[in-house]
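Topology and contacts: notes
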Amino acid sequence: MQEQVLEFWFQVLSPEQWWAKDPELDALIEYKFANLHIQAEQGDLYTWRSEPKGALAEIIILDQFSRNIYRDTPKSFASDAQALTLSQVAISQGFDQHLSQDERLFLYLPYMHSESPMIHEIAVGLFTELGLSSNLDFEYKHKEIIDRFGRYPHRNDILGRASTDAEVEYLKQPNAGF
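Residues numbered from 1 in each chain as written. Predicted model: local features only at pLDDT ≥ 70, side-chain atom pairs only at ≥ 80, totals over all residues. Heavy atoms only, no water.

Here the focus is the environment of serine 14. By the secondary structure assignment, serine 14 is in the loop between α1 (2-12) and α2 (15-19). Sequence separation of serine 14 and leucine 107 is 93 residues, and the distance between their C-alpha atoms is 18 Å. (Helix = DSSP H or I, 4+ residues; strand = E, 2+ residues; numbered from the N terminus.)

In C-alpha cells:
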C-alpha cells in the first residue's frame, strides 16, 4: 500500500495539485485513502516506519491526506502532532538522506505545519538544507506568523478558537491564510 500512496502523490498528481484546494481531488483522496488514514491514525502502519519510503508514505497520509479528506474541519489538523513525531524519528534515523528533494519536502512539512516556535527554528534549518528557495521562503512566512501569534490565526475558526484583535486585523490582509 505504501507504494500506492507514493505513486499517487508523486506520479499521478502534479506539483500544482499538491497545493490546490480542489473538492474533486479531496473526494478522490477520501475515496482512495480514507481507510488507510484511519489505520495510520491508529498506529496500524507502524511496520512502514522501518524504511525511508514507508515512513514518508505514512507521513503523507497523516499530514497531507488529512488536509484533503477533512478540509475545513478540526480533523484536518488532528494528525499533525503524530506526523511531526514520525518525521522527527525518520530524520533522526537519517531517512531523509535517502529520499529525493521532493520526497524530503513532504517529510519536512510537518515541521512547517507545527504551531511551536521551537519546531520552526529546526524547520528553517531543514528547509535551508533542502535547497528549494520557494519552500524556504514559505517556511519563513510560516515562522513569522508563529513568532508573532504563537499559532496560525487562519485555523482559529475551524478549531473553535477565539481570535485576538491583532489576529482579526491580520486575517483581513490579502493572503493571510494558507
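This paragraph deals with helix α6 (residues 101-113). End to end, α6 covers 19 Å across 13 residues, agreeing with the expected 18 Å (1.5 Å per residue, within 8%). Roughly 35 degrees is the biggest bend found in α6, and it falls at leucine 107, with proline proline 110 one to four residues downstream. Of all the 13 residues making up α6, eleven are buried; the element is thus mostly covered by neighbouring parts of the structure. Of all the positions in α6, only Glu103, Arg104, Leu105, Phe106, Leu107, Tyr108, Leu109, Pro110, Tyr111, Met112 and His113 are classed as buried. Against the buried residues of α6 lie α1, α2, α4 (52-69), α5 (80-92), α7 (117-130) and α8 (133-149). (Expected span 1.5 Å × (residues − 1). Bend = angle between axes of the 7 residues up to and from the residue. Buried < 20%, exposed > 50% of the residue type's maximum accessible area, 1.4 Å probe, protein only. Contact = heavy atoms within 4.5 Å.)

Moving on: the nonpolar core. One finds Val5, Phe65 and Phe127 to be the most contacted residues of the largest nonpolar core, which totals 44 residues. For this core, the elements supplying multiple residues, two or more each, are α1, α3 (23-41), α4, α5, α6 and α7. For this core, the element with the most residues is α4, which contributes nine residues. Apart from the residues within four sequence positions on either side, phenylalanine 65 is in contact with Val5, Phe8, Trp9, Ile29, Phe33, His37 and Ile60. By size, the runner-up hydrophobic cluster in this structure holds six residues, among which are Ile145, Ile146, Phe149 and Tyr152. (Core = buried A, V, L, I, M, F, W, Y, C linked by side-chain atoms within 4.5 Å.)

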